[in-house]
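Here is how the chains run, residue by residue.
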Amino acid sequence: MNNINCVTEEKNKCFGCRACANICPVSAITMKEDDEGFFYPVIDNNKCTNCGLCKKACPSLNKSETYLNNNKNPDCYALMADDETRLVSSSGGAFTLIANWILEQGGYVCGVAFVGQNVQHIIIDKKDDLYKLRGSKYVQSDTNTVYSQIKELLKQDKYVLFTGTPCQVAGLYSFLGKDYEKLYTVDLICHGVPPQKVFDMYLAETIQKDDVFAHTTFRDKKAGWTVYTTTTTTTGKHYYGGSLSKDAYLQAFIKNMCLRPSCGTCPYTSTQREADITIGDFWAIERFDKNLNDNKGTSVILLNSHKGRELFSSIKNNFVVCREVPLEYASYYNITLYTPLKQHTNRKAFFRVLNKTNSLKQAVDYCSKNQYDCAILNFWPHRNMGGVLQAWALQDIISELGYSNVLLNYQCKTWKNAYSDSFVERFANKYLFTTKAYYSELDLIKSNQICDTFIIGSDCLWAKWSNAQYFRNIFMGSFADSSKKLISYAPSFGNAQFCGNCEEILNAKYFLNRFDYISVRENSGVDILKNIFNLNSTQCLDPTLVLSQEKFNRLALKSKYNNKNYIFNYSIGIKNDDLAYPTLLDKLKNENVFALSQFQLQDTDVEDFLYLIKNASLLITNSYHACCLAIKFNVPFYIFSPSGLDTSRFDSLLGILHLESRILRTNEDIYKLQNLFEPIDWDRVNSILAKEKERSLKWLKDALEAPKDLSKIDPAAAVIKNLNDKISYLQNTAVNNV
């Protein structure tokens with residue numbers, strides 16, 4: 001089942017919490033399993049009365065008042081229960097002591113247990129049953145109808161403790177519609193959730209058919225608290241899965257191969273939490289005090305609300321060790337306290353292999369060998385906002401099309417020191433999937449071992465540089481083996497004409513003829529390829545204009561800026577804060593202008609750059625990608641272009657969108673401006689853009705699906721080692737008809 005009728009309308013926003021199914025008064029919503037094994041709500045339109053309760057209960061669509069009132073900088077403690085409790089707990093035993101207090105009040109505890117081999121939320125009211133809820137369950141639990149059961153208990157004025165992932169806690173609050181005095185919630189510092197389907201495959205490969213499953217301990221402490229190990233127990237045997245390096249399930253889980261799609265964009269990854277209390281492993285607590293790690297387990301606990309602090313004050317004396325610790329120590333090795341985890345770049349390939357072979361081990365082995373459907377080469381490691389954003393966008397687009405991919409981390413010599421300790425490195429660490437660093441064409445040749453398809457694009461990859469030919473060869477795929485499929489997606493020549501002498505044209509002809517499928521970013525590029533190289537090509541949109549606006553919005557929300565009512569002036573190639581034209585500067589003398597140049601970006605993150613464009617009242621720029629983002633966010637803009645500068649890259653895009661008037665080429669153009677804030681007909685622009693996006697996406701999809709053009713395999717490629725050899729080869733075979 002590929003098409004899921006989610007309440008949220010977007011599959012990757014659905015957490016599978018079942019709040020919508022719990023609240024539906026006519027049972028019109030059921031949870032259906034998709035091809036990956038995750039459950040999503042499906043609405044029976046014949047039963048649905050359009051009451052809207054499901055949308056009100058959806059945590060993806062609503063932020064709870066509880067969350068909004070919780071502390072952004074909660075109190076943080078390191079905790080150790082007694083040794084006996086810690087031995088049967090994943091970390092320091094914090095959950096057990098919290099649950100004991102609730103049960104002592106005559107209350108109920110809702111947590112995750114094995115029901116058979118299925119992982120489900122259940123409700124208990126006896127300490128003797130607490131063992132069922134202890135320990136990590138690295139599977140997405142089925143909350144079933146527990147939200148409804150909890151509501152009934154609260155109506156009876158019972159104490160209730162609910163424990164789960166942050167999204168499950170959010171689902172409970174959204175379902176209830178309000179907080180209850182006797183409801184206490186605990187969320188986990190969550191790594192993400194695999195589906196039951198993957199766990200079932202793991203068990204099928206682990207235990208013998210005659211054995212009956214009892215439980216799996218995902219955090220067996222036989223070797224201490226420092227490693228992940230699994231032990232599966234049946235009625236007759238123990239199956240020791242081993243550590244991370246040996247256990248297929250742990251590899252799939254820890255390396256993010258099998259997590260729910262929404263885990264990659266989780267909105268709950270911050271220190272402002274959903275629950276009253278947050279618990280987890282206090283990894284690296286020895287950085288604060290080595291005495292707080294005795295290798296038996298230490299819990300971190302965050303007190304997020306007034307209720308959480310009150311409960312903690314009632315139990316803190318029950319801990320053997322209880323030390324307040326600065327919050328930053330908790331965040332150091334718990335990455336999901338500040339950012340979502342990156343999904344494994346081979347995630348979709350993992351599920352493809354899993355469904356084809358029904359073997360978890362084979363799927364993990366495939367993804368662990370660093371094999372990809374395709375590898376992408378562009379300018380992303382260079383210190384350029386547009387460069388890194390178009391690389392991120394293209395990688396995401398290809399992933400959404402179902403192809404595993406990796407960005408080649410090519411750091412050429414002219415970019416020396418451009419990558420390290422820069423906004424590009426910070427962005428890459430959070431959002432990109434890349435190879436190790438390559439520094440030469442010889443290094444890049446090794447990438448032929450990891451894929452069968454190379455994608456060159458986007459950006460001005462085919463422009464002439466100061467050391468033009470060597471680098472242009474690389475960005476025309478000189479490193480790619482002749483047997484590999486070679487696709488160009490929207491690269492640019494940077495000018496309306498091809499810049500190069502006869503020798504360079506001949507050289508480029510050799511490499512361009514090796515491409516199986518060619519698209520370029522500008523219409524002028526189509527003309528260059530046809531008129532100079534006798535090659536047919538297609539004009540496609542830059543990736544930043546193809547990727548959904550929502551994904552850019554999510555990044556902009558992470559900015560540190562909160563600027564309002566400003567004009568944003570962003571310039572590239574200009575080393576001062578002034579605008580390009582005194583005339584334009586004069587027009588803006590009474591306006592609030594936020595000026596930023598390419599040379600002032602060290603402390604500005606990509607998220608900040610997006611925020612500044614998205615929230616500007618007007619953008620003035622000479623940057624192509626800033627222009628693309630203004631169009632993406634529907635922000636009015638002007639392009640300033642000093643006299644004599646080639647504007648073909650803007651002419652092509654703005655010509656398609658009928659926005660040519662937004663280019664200011666001379667002072668005369670500025671004088672003619674009667675209204676600097678002249679509105680743009682965004683409905684018309686967005687309508688055109690939607691069609692162009694669909695066309696570009698179809699071209700890329702078709703190119704990826706199409707087979708390698710065997711006629712492009714060059715039998716002489718093996719003996720062509722350098723430029724002179726290539727030229728000689730072309731001359732001798734009479735192909736230099738340019």
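Predicted, not measured: the structure shown is a model, and the values here were computed from it.

Conventions and cut-offs
Residues numbered from 1 in each chain as written. Predicted model: local features only at pLDDT ≥ 70, side-chain atom pairs only at ≥ 80, totals over all residues. Heavy atoms only, no water. 1 Å grid on protein atoms, 1.4 Å probe; cavity = no way out; pocket = protein on both sides within 12 Å on 5 of 7 lines; lining within 4 Å. Points joined across faces, edges and corners; volume = space filled by probe spheres on them. Helix = DSSP H or I, 4+ residues; strand = E, 2+ residues; numbered from the N terminus. Nonpolar A, V, L, I, M, F, W, Y, C, P; charged D, E, K, R; others polar. Axes fitted to C-alpha atoms, helices over the stretch in contact; angles between N-to-C directions. Parallel < 35°, antiparallel > 145°, perpendicular 65-115°, else oblique. Left-handed = near helix turned anticlockwise from the far one by under 90°. Contact = heavy atoms within 4.5 Å. Pairing = 2+ DSSP bridges. Salt bridge = Lys/Arg side-chain N within 4 Å of Asp/Glu carboxyl O. Buried < 20%, exposed > 50% of the residue type's maximum accessible area, 1.4 Å probe, protein only.

Asks: Which residues make up empty space enclosed by the protein, and what values go with them?
Replies: Within this structure, the stated rule accounts for 4 cavities of 30 Å³ or more. Within this model, the largest cavity holds a volume of roughly 240 Å³. Surrounding the largest cavity, 21 residues form its lining, Cys167, Cys190, Gly192, Cys263 and Cys266 being those nearest its centre. It is helix H7 (residues 166-176) that contributes the most residues to the lining of the largest cavity, 3 residues altogether. When the residues that make up the lining of the largest cavity are grouped by side-chain class, the tally is 11 nonpolar, 8 polar and 2 charged.

Asks: Run through the packing of helix H21 (residues 549-556) against helix H23 (residues 606-614), naming residues and quoting values.
Replies: Axes are the key here: two packed helices are described by the angle between their axes and the distance separating the axes. At a minimum axis distance of 8 Å, the contact between H21 and H23 shows a crossing angle of 110°. The orientation of H21 with respect to H23, classified from their angle, is roughly perpendicular. Every pair of crossing elements has a handedness; the one defined by H21 and H23 is left-handed. Of the residues in H23, those touching H21 at Phe552, Asn553, Leu555 and Ala556 are Glu607, Leu610, Tyr611 and Lys614. Looking at the contact of H21 with H23, its residues break down into 5 nonpolar, 1 polar and 2 charged.

Asks: I'd like a description of the sheet that holds strand E10 (residues 238-243), backed by residues and values.
Replies: In a beta sheet, neighbouring strands pair by backbone hydrogen bonds and run either parallel or antiparallel. In spatial order, the strands read E8-E9-E10; together these 3 strands make up an open sheet with antiparallel pairing. Looking at the sheet topology across the chains shown, the edges are occupied by strand E8 (213-217) and E10. Here the strands of the sheet are splayed against their neighbours by 10° on average, with no regard to which way each runs. With 5 bridges joining them, strand E9 (residues 229-234) and E10 adopt antiparallel strand pairing. Residue pairing for E10: Thr230 is matched across the bridge by Gly242. Contacting E8, E9 and E10, helix H8 (residues 196-206) crosses the sheet at an angle of about 110° to E8.

Asks: Any chance you could break down the packing of H21 against helix H24 (residues 624-633) for me, citing the residues and the numbers?
Replies: Orientation of H21 relative to H24, taken along the N-to-C sense of each, is 105°, at an axis distance of 10 Å. Considering the angle they form, H21 stands roughly perpendicular to H24. For the pair H21 and H24, contact is made by Gln549, Phe552 and Asn553 and by Leu629, Lys632 and Phe633, respectively. Looking at the contact of H21 with H24, its residues break down into 3 nonpolar, 2 polar and 1 charged.

Asks: Give me the lowdown on the pattern of salt bridges, citing residues and values where you can.
Replies: Overall, the coordinates contain 31 salt bridges when judged by the stated rule. Note that Glu36 and Arg347 form a salt bridge whose closest N and O atoms lie 2.7 Å from each other. On the criterion of sequence distance, the pair formed by Glu36 in the loop between strand E1 (29-33) and strand E2 (39-43) and Arg347 in helix H12 (residues 347-357) is long-range, its members being 311 residues apart. Using a relative accessible area of 7% as the deciding quantity, one classes Arg347 as buried. Residues Arg665 and Asp651 are paired through a salt bridge, measuring 2.8 Å at the closest nitrogen-oxygen approach. Of this pair, Arg665 sits in the loop between strand E25 (663-664) and helix H26 (667-671) while Asp651 sits in helix H25 (residues 648-656); the two residues are 14 residues apart in sequence, bridging distant segments of the chain. Residue Arg665 is classed as partly exposed on the basis of its relative accessible area of 31%. Through salt bridges with shared partners, a single network forms among Asp83, Arg86, Asp294 and Lys296.

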